[in-house]
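Descriptive analysis of the structure
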Amino acid sequence: MRQVRLPLVGTIPAFRQELRRLIAANIPPDQVIWHRGGIGGGTGTDLFAAPATPLPDGPPIPLARDAATTIETALSHSDPERFALAHDIVLRLHGGTLRWGDPGDVPLRRITALAKAASREIHKMHAFVRFRELDGQARRRFAAWFEPDHPVTEAASPFFARRFGDMDWAIATPDITAIFQNGTLRFEPTADTAPPPADGAEELWRVYYRSIFNPARLNPRAMESEMPQKYWKNLPEAALIPQMIREAPARVQAMREAEIAAARPSGPTPRMAAVARQTAPAPAPEGGMDGVRHQAEGCTRCPLYAPATQTVWGEGPVDARLMLVGEQPGDQEDLRGRPFVGPAGQLLDRALDIAGLDRTKVWMTNAVKHFKFEPRGKRRIHQRPNTGEIRACKWWLDQELMLVQPQLVVAMGATAAQSLTGNGAGIMARRGTVEEIPDGPPVLLTLHPSYALRARSPEAREEAFEAIAEDLRRAAEMVA
Amino acid sequence: MVQRTLSDKLAILSDAAKYDASCASSGTSRRDSRDGSGLGSAGGSGICHAYTPDGRCISLLKILMTNFCIYDCAYCINRVSSQVERARFTPEEVVSLTLEFYRRNYIEGLFLSSGIIRSPDDTMADMVQIARTLRERENFRGYIHLKTIPDASPELIEQAGLYADRLSINVELPTEPALEKLAPQKSARTIRKAMAEVRLRHDAAKETTHTGRAAPRFAPAGQSTQVIIGADQTTDATILKNSSALYAGYGLRRVYYSAFSPIPDASAVLPLVRPPLQREHRLYQADWLMRHYGFQAEEIAAEGMLDLDVDPKLAWALSHRDQFPIDVNRAPRELLLRVPGFGTKTVARILAARPHRAVRYEDLIAMGANMKAAQPFITLPGWRPRLLDAPDLRARFAPPAEQLSLF
């Protein structure tokens, strides 16, 4: 048997080096006894051990990153067999007789379990170390005492170095102490096992801990599954727990009784009158486009208002000679509160350009003023508004028509056509024609710009775009 | 008024903050202070530094800047008509508490919220000031979550996003009528518009400007919101549908559900109830199914309310038995995710193992599946389910009815 003694500090790099030697020398796992720490790194205690003739260094062993990380993490577990287990697995991975991740391999499952437990302990150390401030210096100094279940101090400490970069600190654990001084992290065997004295902030922390607790939701089991009692002795707040649990039912009872004794009216307090003056809403604009727009913001004439962000009202000059009516706002229009600012709007802008129309001189609006959609994961899928929704919103479109009094309206797509002419069918055949409507300006029909985005083939999209541009050019001539 | 000590203020202003459920401190931009130029790190998964006896974790210093408030929201302990004790931190006190707690490894950062004092803009400006001091003067690189005041101006929201990791705006109540009744000064429209504003700025920060420079940072950990459960009559189906619209529309990271909990000096318009903790738990499970398991809101609470006795995935499987059993070695990912007892990790492991060899019953245990739940719904070599048609299948999972005690 070969005895291998690993140092307390730097255990894992030392293991890696020894393992390379053992594998290069073809020494199988069952011929090795591993030790960590021990008296002065002296001779082994196994009487049958072979004298430790030093082996020559071996070459690095290539491992998949996932395998290397898991094995290394497992070495921070306290299981005395972890080194032999790691030796066996590295050997078989290296020899190609084991596939990393094979769920049927028992040692592999075991090392994964060790890695999981060690990694949990590292996480708990990150969570439950409590620093106490030492005497004042230019660079502030803190110290902590922590007792992990597994020898994870070296693996867990780089986290503290990244987090507490501008202070000096030391974390003492029963075997080794991590020391961070002027930006350098080092480890030493622990000399002093006395916890540092409490500092002033600890009492504030306890006040916070007590106050953030909601007695109406008492659930000590959930607490203990995440913060087991074994950690409590080094947590300054944990001493409060028994009392908090004991008093919780009485505190809830007191709240209930206060509620039932409703004799005590809940307000109005003297502050409320003063407050009412401050929070009075600004007077709503009356009449005109602003007044109608303001009314439309609170519209609940159809159910579409509920999930949508806002009413997307038309925009442009109130004396515009041309009005463009689309279907409804899309995702971007709904978020921004402005019509035609999404992808279809950008396409429309290009068509307007070709037609020689200035967007800022046109009243742009939609037949339906709220975005209708179905949520699908992180996206909202456009839904076509139904007849009832179109009819409900026609009221607002009529208000816009009355206020703007355009010479011509362009209805883009079936929904706008249905809203304005009462008929949304056969847009392909009707596009480019002008229809008369009772008590209103003539309506020129065209395709919706989003059709030119969504059509199947590139040719069909190009054709649709040309058609829209051509119809808009005609509209420009009609209002010129 | 008597001068309150810092400790008194902390007690009042953390007590007032405990009804906000969010404690997330994960998923922000990666940063640290290893070079000694500042304090703090963030960007990994968040850490829960302590747990209180209500089973909730403490990850952030969750406090109100002040609990003075000019609003009168019935469910809130800090409403203007409440007789609760009032206090107000100075910005320096908040900065110093955050840093001192952080240096002792008590917290991951700050979750700052506030009652509305003077005006929404004044309040938001003070909160932004605290975040700016932490970041710019103190070089603080820990996590900052700011509860955004929905009526605050867009410029203040923009600044908040520059310093905070996460912004949140609470929708508070699941429906507009409920909000009108219980929170008369709040408007669902204003809240949604503010969430849209945050989403647009968050999206813009991910793009580079036309000059090729990176856009200024904006809340890298995104936005979240909170809904109070059980203060009104809204059904789970409506709540979940609402949540899915919020996830889709505003790119929310999380919707938090907060069981309405009796508060000291409660308003008379609220129900006298125990907080519906089990309902809250089921809503979180259902929410998880929507975000990670491909379920649609309408599928989960088909009958209005979630089943309190069995989890929503199992409930769905029990009422869709015709879609089972599922062949573990053939089914696509979407179907495997529907099997009760299979989590996303188990499914990933099944998919990774299948090309090498057939997955067997014993393998599933090692892959982390909960076989008690999965058994009736799967087939694989060496396993044929027997109980799928059994009328008492649900009873095998539901907790036994509580026996009445004789008196």
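Counting starts from 1 at the beginning of each chain's written sequence and moves along it residue by residue. Chains and ligands are labelled sequentially in the order written, the chains with letters from A and the ligands with numbers from 1. For this predicted model, a pLDDT threshold of at least 70 governs which residues receive local features, and a threshold of 80 or more governs which side-chain atom pairs are given and counted, while totals over whole chains, interfaces and linings are taken from all residues.

1. Thoughts on the overall build of chain B
- The helix and strand inventory of chain B stands at 15 helices and 10 strands.
- Only the C-alpha atoms count toward the radius of gyration. The rule for a globule is 2.2 Å times the residue count to the power 0.38. Relative to the compact-globule value of 22 Å for 407 residues, chain B shows a C-alpha radius of gyration of 24 Å, a close match.
- For chain B, the C-alpha atoms occupy an extent of roughly 70 × 65 × 40 Å along the three principal directions.
- Counting only contacts in chain B whose residues sit at least 6 apart along the sequence, the fraction spanning at least 24 positions is 68%. Strands are runs of DSSP state E lasting at least 2 residues, helices are runs of H or I lasting at least 4, and numbering of each runs from the N terminus. What counts as a contact here is a pair of residues whose C-beta atoms, placed from the backbone, lie within 7 Å.

2. Here we look at the overall build of chain A
- Helix and strand counts for chain A stand at 17 helices and 14 strands.
- Across its three principal directions, the C-alpha atoms of chain A cover 110 × 70 × 45 Å.
- Residues with at least 20 neighbouring C-beta atoms inside 10 Å of their own are called buried, those with 12 or fewer are called exposed, and the rest are partly exposed, where every C-beta is derived from the backbone. Residues classed as buried in chain A amount to 37% of the 480 residues present.
- In chain A, the share of contacts with a sequence separation of at least 24, taken over all contacts with a separation of at least 6, comes to 69%.

3. With respect to the packing of helix 4 (residues 154-163) of chain B against helix 6 (residues 188-205) of chain B
All names here are of chain B.
- Look at helix 4 against helix 6: their axes get within 11 Å of each other, and the N-to-C directions meet at 50°. Here helix 6 runs oblique to helix 4, going by the angle between their axes. The handedness of the crossing between helix 4 and helix 6 is right-handed. Residues Pro154, Ile157, Glu158 and Gly161 of helix 4 form the contact with helix 6, whose own contacting residues are Ala194, Glu197, Val198 and Arg201.
- Partitioning the contact of helix 4 with helix 6 into residue classes produces 4 nonpolar, 1 polar and 3 charged. Orientation is described by lines fitted to C-alpha atoms, with helices fitted over the stretch in contact, and by angles between N-to-C directions that extend from 0 to 180 degrees. For classification purposes, an angle smaller than 35 degrees is called roughly parallel, one larger than 145 roughly antiparallel, one from 65 to 115 roughly perpendicular, and anything else oblique. Helix crossings get a hand from a simple test, with the near helix turned counterclockwise from the far one by less than a right angle marking a left-handed crossing and a clockwise turn marking a right-handed one. Following the grouping adopted for this structure description, the nonpolar residues are Ala, Val, Leu, Ile, Met, Phe, Trp, Tyr, Cys and Pro, the charged ones are Asp, Glu, Lys and Arg, and the polar ones are all others, Gly among them.

4. Concerning the nonpolar core
- Each nonpolar core comprises buried Ala, Val, Leu, Ile, Met, Phe, Trp, Tyr and Cys residues, the members being joined through C-beta atoms within 7 Å. Grouped together as the largest cluster of nonpolar side chains are 169 residues, with contacts concentrated most on Ala86, Ile111, Trp169 and Ile171 of chain A together with Leu112, Ala131 and Ala160 of chain B.
- Looking at which element gives the most residues to this core, the answer is helix 4 (residues 106-128) of chain A, with 9 residues.
- Once residues within four sequence positions are removed from consideration, Trp169 of chain A is found in contact with Phe131, Phe142, Ala143, Phe160, Phe164 and Phe180 of chain A.

5. Quick word on the domain arrangement of chain A
- What counts as a domain boundary in this text is fixed by an automatic or database domain assignment. When cut into domains, chain A gives domain 1 (2-124), domain 2 (129-189), domain 3 (201-258) and domain 4 (288-479).
- Between domain 3 of chain A and domain 4 of chain A, the C-alpha centre-to-centre distance is 59 Å.

6. Side note on the sheet that holds strand 3 (residues 60-64) of chain B
All names here are of chain B.
- When DSSP locates at least two bridges between a pair of strands, those strands are taken to pair. Pairing is parallel in the open sheet, where 6 strands are placed in the order 3-4-5-6-7-8. The open sheet terminates on both sides in strands that have one partner only, identified here as strand 3 and strand 8 (254-259). Averaged over all pairs of adjacent strands, the angle between strand axes in this sheet comes to 20°, irrespective of strand direction.
- As paired strands, strand 7 (residues 223-229) and strand 8 are joined by 6 bridges and run parallel to one another. Note that in strand 8 the partner of Ser224 across the bridge is Arg254.

7. Considerations on the interface of chain B and chain A
- Taken residue by residue, the interface counts 67 residues in chain B and 70 residues in chain A.
- For the side of chain B that touches chain A, the secondary structure elements donating two or more residues are helix 1 (6-15), strand 1 (50-51), strand 2 (57-58), helix 2 (91-103), helix 6, helix 7 (236-250), helix 12 (344-353) and helix 13 (361-366) of chain B.
- Within the side of chain B that touches chain A, the residues separate by chemical class into 31 nonpolar, 19 polar and 17 charged.

8. Brief notes about the sheet that holds strand 4 (residues 141-145) of chain A
All names here are of chain A.
- Sheet architecture is open: 5 strands sit in the order 3-4-5-6-7, paired in mixed fashion. In the strand order of this sheet, the two ends are held by strand 3 (132-133) and strand 7 (184-189), each with one partner.
- Inspection of the sheet shows strand 3 paired to strand 4 by 2 bridges, in the antiparallel sense. Looking at strand 4, one finds that Glu133 is bridged to Phe142.
- Against the sheet, helix 5 (residues 153-163) engages strand 5 (168-172), strand 6 (176-181) and strand 7, with an angle of about 20° to strand 6.

9. Things to note about the domain arrangement of chain B
All names here are of chain B.
- When cut into domains, chain B gives domain 1 (6-293) and domain 2 (312-397).
- The C-alpha centroid of domain 2 is placed 38 Å from the C-alpha centroid of domain 1.
- Every contact between the two is made by 6 residues of domain 1 and, on the other side, 4 residues of domain 2.
- By residue class, the composition of the side of domain 1 that touches domain 2 is 3 nonpolar, 2 polar and 1 charged.

10. Regarding the environment of Pro158 of chain A
- For Pro158 of chain A, the location among the structural elements is in helix 5.
- Remark: the alpha-carbon pair of Pro158 of chain A and Met478 of chain A, spanning 320 residues in sequence, is separated by 74 Å.

11. Here's the deal with the environment of Pro174 of chain A
Residue and element names in this part refer to chain A.
- Within the secondary structure layout, Pro174 lies in the loop between strand 5 and strand 6.
- The spacing of Pro174 and Cys299 is 125 residues in sequence and 68 Å in space, taken between C-alpha atoms.
- Ignoring sequence-local partners within four residues, the contact set of Pro174 consists of Glu147, Thr190 and Thr193.

12. Topic: unusual backbone geometry
- Between Phe324 of chain B and Pro325 of chain B the backbone carries a cis peptide bond, its omega angle lying at -5°.
- By secondary structure assignment, the location of Pro325 of chain B is in the loop between helix 10 (312-319) and strand 9 (326-327).
- Despite not being glycine, Asn182 of chain A shows a phi value in the positive range, around 45°.
- Tracing the sequence through the fold places Asn182 of chain A in the loop between strand 6 and strand 7.

13. Observations concerning the confidence of the model for chain A
- pLDDT measures the predictor's confidence residue by residue and takes values from 0 up to 100. For chain A, per-residue confidence averages 91 on the pLDDT scale, and residues scoring 70 or more make up 91% of the total.
- Per-residue pLDDT stays below 50 along residues 39-44 of chain A; that stretch engages in 7 contacts with residues further than four places along the chain or on separate chains.

14. With respect to helix 5 of chain A
Residue and element names in this part refer to chain A.
- Counting buried positions over the 11 residues of helix 5 gives 8, a clear majority of the element.
- Residues of helix 5 that are buried include every one of Thr153, Glu154, Ala155, Ala156, Ser157, Phe160, Arg162 and Arg163, and no others.
- Tucked inside the fold, the buried residues of helix 5 contact helix 4, strand 5, strand 6 and strand 7.

15. Some remarks on the pairing of strand 4 of chain A
All names here are of chain A.
- Among the 5 residues that make up strand 4, 4 are buried, leaving the element largely enclosed by the rest of the structure.
- Sheet topology places strand 4 next to strand 5; 5 bridges connect them, and they run parallel. For Ala144, the partnering residue across the bridge sits in strand 5 and is Ile171.
- The definition of a right-handed crossover adopted here requires that, viewed with the strands pointing away, the path from the first strand over the helix to the second runs clockwise. Handedness of the strand 4-helix 5-strand 5 crossover: right-handed.

16. Regarding the environment of Lys9 of chain B
All names here are of chain B.
- Turning to its location among the elements, Lys9 is positioned in helix 1.
- Between the C-alpha atoms of Lys9 and Met65, which are 56 residues apart in sequence, the distance is 9.8 Å.
- Beyond its immediate stretch of four places on either side in the chain, Lys9 contacts Arg4, Ala87 and Phe89.

17. Details of the packing of helix 13 (residues 387-404) of chain A against helix 14 (residues 413-421) of chain A
Residues and elements named next belong to chain A.
- In contact at an axis separation of 10 Å, helix 13 and helix 14 are set at 70° when each is read in the N-to-C sense. Judged on the interaxial angle alone, helix 14 and helix 13 are roughly perpendicular. In the packing of helix 13 onto helix 14, the handedness of the crossing is right-handed. The residues of helix 14 that touch helix 13, namely those facing Ile390, Lys394 and Leu397, are Thr415, Gln418 and Ser419.
- The class makeup of the residues in the contact of helix 13 with helix 14 is 2 nonpolar, 3 polar and 1 charged.

18. Quick look at the confidence of the model for chain B
- Here chain B averages 90 in pLDDT, while 95% of its residues score no lower than 70.
- Interface confidence in the predicted complex, given as ipTM, is 0.91; pTM for the same model is 0.91.

19. A few points about the pairing of strand 10 (residues 373-376) of chain A
Residue and element names in this part refer to chain A.
- By the alternation rule, side chains of strand 10 split into Phe373 and Pro375, which are all buried, and Glu374 and Arg376, of which none is buried.
- Bridging between strand 10 and strand 11 (residues 379-382) involves 4 bridges; their strand directions are antiparallel. The residue of strand 11 that forms the bridge with Glu374 is Ile381.
- What sits between strand 10 and strand 11 in their antiparallel hairpin is a turn of 2 residues, with Gly377 showing a positive phi close to 60°.

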